[in-house]
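Structural description and commentary
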Amino acid sequence: MTEAVAMKEIKVAILGASGYTGAELVRLLALHPALKITAMTGDRKAGQPMATVFPHLAGLELPDLVAIDQVDFKAVDAVFCCLPHGTTQEVIAALPQHVKIVDLSADFRLFDVDTYAQWYGHEHRAPALQEQAVYGLTEIARNQVAKARLVANPGCYPTSVQLPLVPLLEQGLILAEDIIIDAKSGVSGAGRSAKEANLFTEVAEGIHAYGVASHRHAPEIEQGLSQAANSPVVVSFTPHLMPMSRGMQSTIYVKTTGANTAASLRAALAARFKAEPFVRVLPEGAVPATRHVRGSNFCLIGLFDDRIKGRVIITSVIDNLVKGASGQALQNMNLMFGLPETLGLEQQPMFP
Ligand SMILES: NC(=O)C1=CN([C@@H]2O[C@H](COP(=O)(O)OP(=O)(O)OC[C@H]3O[C@@H](n4cnc5c(N)ncnc54)[C@H](OP(=O)(O)O)[C@@H]3O)[C@@H](O)[C@H]2O)C=CC1
Ligand SMILES: CC(=O)N[C@@H](CCC(=O)OP(=O)(O)O)C(=O)O
């Protein structure tokens, strides 16, 4: 539980607070003892009270939504940037030096600006700042995150995939080739703005793959896995849209090295994540489901021997809006201010 200790107030602005990840941050920060929201922005919703846009947050003491150019950034210590990718680089580049930033968009996640341009369709607009950004998969990069001014918060699919695979590749327990990722997301992963593809009629009562062999999270996943394997990794990655509001599952097919099986991989991951507050490696036979992590910052991992010898099936589940976005962002911001990284994130999942 959060200790009732007196903490220095840290003033926080949430850019894009009228979106799903922004609202999720407000929900999490409501129980945070040190971070106080002093500014929140919207674009179409600028000028509106938060309780009008999100009635579930009524009753919290919150500033009204304003446009970004109305925020006095000299008066804030930290910024959570929850803007669409492609809109973020210039905004962050203009912030005063004293401000610490966690960017939830994809704008600073790819180390190589040419790879960024190739996948995102435009030149990087803050390449010098890109060099300072730390990729904030907390459990893998905790020490770098703690020292960073700018953290690029990982994407939701890449979080669910890299948490189990990075330690296994680092330890040489699985092959770096022939990794197949079959991933599924709730519709909140696509954000709140109206898009034809996210209409009820397009997503209810069915599932569909999208971005087949072309999704922009593939290079982000490959960047992390290549670092872990110390050699270039290329993956098969197929995301699917599920008729549910939140939750994400990645089912990952890997080939083991030597005589490794699900049991030895499970033991390795359990040892690696033993002290981690948010990653849980399930015992043999337990099958993780998105409803086991709903509303929480947990990642649950299950491992199973396939009937094909030498192949293991890994299932990894997160809540896309929490560990896949705002929860991990808060975990990182806590570290950047030297706070216990669990602050504001101690709630258990809602089940069922
Ligand atoms: N949803 C998820 O599960 C995840 C999202 N992310 C990333 O986090 C970021 C935010 O996502 P999410 O909250 O879902 O997105 P939403 O579409 O729900 O919200 C976007 C926010 O940005 C504002 N906005 C949109 N365009 C502009 C602009 N040109 N200038 C200033 N503000 C603008 C919107 O304001 P208004 O509504 O008032 O117009 C809104 O507050 C994105 O980069 C997304 O890719 C990352 C991981 C997971
Ligand atoms: C369901 C859905 O549409 N999900 C989004 C990914 C989630 C996300 O927002 O990731 P970024 O931060 O990398 O943009 C997508 O496939 O583009």
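Note that the structure is predicted; figures quoted are calculated from it, not measured. In this numbering scheme, every chain counts its residues from 1 along its sequence in written order. Written order decides the labels, with chains lettered from A and ligands numbered from 1. Per-residue local features of the predicted model are confined to residues with pLDDT of at least 70, and side-chain atom pairs are confined, for both listing and counting, to 80 or more; whole-chain, interface and lining totals are unaffected and use all residues. Note: side-chain values were computed over all heavy atoms of the structure, leaving out hydrogens and water.

1. Re the pattern of salt bridges
The working definition used for a salt bridge is a side-chain nitrogen of Lys or Arg within 4 Å of a carboxyl oxygen of Asp or Glu. Within this structure, the stated rule accounts for eleven salt bridges. A salt bridge links R142 to E341; the shortest N-O distance between them is 2.7 Å. With R142 in helix α6 (residues 138–147) and E341 in the segment after α11 (322–336), this pair connects stretches of sequence that are 199 residues apart. Note that K184 and D182 form a salt bridge whose closest N and O atoms lie 2.8 Å from each other. Under the DSSP-based scheme used, a helix requires at least four consecutive residues in state H or I and a strand at least two consecutive residues in state E, with every element numbered from the N terminus.

2. Re the pairing of strand β13 (residues 299–305)
Throughout, exposure labels follow a simple rule: accessible area from a 1.4 Å probe, protein chains only, divided by the maximum for the residue type, with under 20% read as buried, over 50% as exposed, and the rest as partly exposed. Along β13, five of the seven residues are buried, which leaves the element largely enclosed by surrounding structure. We call two strands paired when DSSP finds no fewer than two bridges between them. Across three bridges, strand β12 (residues 279–281) lies against β13 in parallel orientation. Within β13, the position partnered with R280 by the bridge is L300. Two strands pair when backbone bridges link them, and β13 and strand β14 (residues 311–318) are joined in this way by six bridges, in the antiparallel orientation. For L303, the partnering residue across the bridge sits in β14 and is I314. The turn linking β13 back onto β14 is made up of five residues, and G310 within it adopts a positive phi angle of 85°.

3. Some thoughts on the sheet that holds β13
Here seven strands make up an open sheet; going across it, the order is β9-β10-β8-β11-β14-β13-β12 and the pairing mixed. Only two strands of the sheet have a single partner each, and these edge strands are β9 (208–209) and β12. Lying on the sheet, helix α10 (residues 262–272) is in contact with β12, β13 and β14; it crosses β13 at an angle near 160°. Note on contacts: a residue pair is in contact if any heavy atoms of the two residues lie within 4.5 Å. With axes taken as lines fitted to C-alpha atoms, and helix axes fitted only over the stretch in contact, angles between N-to-C directions fall between 0 and 180 degrees.

4. Things to note about the layout of surface pockets
For each structure, a 1 Å grid was placed over the protein atoms alone; sets of points admitting a 1.4 Å probe that cannot get out are labelled cavities, open sets with protein on both sides within 12 Å along at least five of seven lines are labelled pockets, and lining residues have an atom within 4 Å of a point. Grid points are joined across faces, edges and corners, and a volume is the space filled by probe spheres set on the points. The computed volume of the largest pocket comes to approximately 1300 Å³. In this structure, the largest pocket is lined by 47 residues; those nearest its centre are L83, P84, A190, G191 and K195. At the level of elements, α1 (20–29), α7 (156–170) and α11 are the ones that each hand at least two residues to the lining of the largest pocket. Mapping the lining of the largest pocket onto the domain boundaries places at least three of its residues in each of domain 1 (10–154 + 323–336) and domain 2 (157–320). Residue ranges for the domains trace back to a domain assignment, done automatically or taken from a database.

5. A few points about the side chain of H215
Inspection of the secondary structure assignment puts H215 in the loop between β9 and α9 (217–229). Any pair of nitrogen or oxygen atoms within 3.5 Å is treated as a polar contact; in protein, a donor-acceptor pairing is required on top of that, and neighbouring residues in sequence qualify only through side-chain atoms on both sides. At 2.9 Å, the side chain of H215 forms a polar contact with the backbone nitrogen of H217.

6. Brief notes about the confidence of the model for the protein chain
Scored between 0 and 100, pLDDT is the confidence that the predictor attaches to each residue. Averaged over the protein chain, the pLDDT score is 97; the fraction of residues at 70 or greater is 98%. Prediction confidence for the complex, expressed as pTM and ipTM, is 0.97 and 0.98 respectively.

7. Description of the site of ligand 1
The nearness test applies per residue and asks whether one of its heavy atoms lies within 4 Å of the molecule or strand. Taken together, 29 residues are adjacent to ligand 1, and S18, T21, R44, L83 and R192 come closest. Within the backbone of D43, an N or O atom sits 2.8 Å from an oxygen atom of ligand 1. The contact in question runs from an oxygen atom of ligand 1 to an N or O atom on the backbone of L83, over 2.7 Å. Among the cavities detected, the one that contains ligand 1 is the largest pocket. Secondary structure elements with two or more residues in the shell around ligand 1: α1 and α11. Looking at which domains feed residues into the shell around ligand 1, each of domain 1 (10–154 + 323–336) and domain 2 (157–320) gives three or more. Whether a molecule sits in a cavity or pocket is decided by its atoms, more than half of which must lie within 2 Å of the grid points.

8. Describing the packing of aromatic side chains
To pair, rings of Phe, Tyr and Trp, with the six-membered ring standing in for Trp, must have centres within 6.5 Å; the planes then decide the type, stacked if under 30 degrees apart, edge-to-face if over 60, and tilted in the middle. Taken as a whole and assessed by the stated rule, the structure comprises three aromatic pairs. Where Y116 meets Y120, the ring centres are 4.8 Å apart and the plane angle is 10°; that geometry is what we call stacked. With Y116 and Y120 both in helix α4 (residues 113–120) and four residues apart, this pair spans about one turn of that helix. The pair formed by Y116 and Y120 is uniform in burial state, with each residue classed as buried. Ring centres 6.2 Å apart and planes at 55° place the aromatic pair F278 and F298 in the tilted group. Placement of the pair is F278 in the loop between α10 and β12 and F298 in the loop between β12 and β13, with a sequence separation of 20 residues. According to the relative accessible area criterion, F278 is buried, its value standing at 3%. By relative accessible area, F298 is classed as buried at 5%. Over the ring of F337 we find K100; its NZ or CZ atom is 4.9 Å from the centre of that ring. Charge-over-ring placement is defined geometrically: NZ (Lys) or CZ (Arg) within 6 Å of the ring centre, and within 35 degrees of the ring normal.

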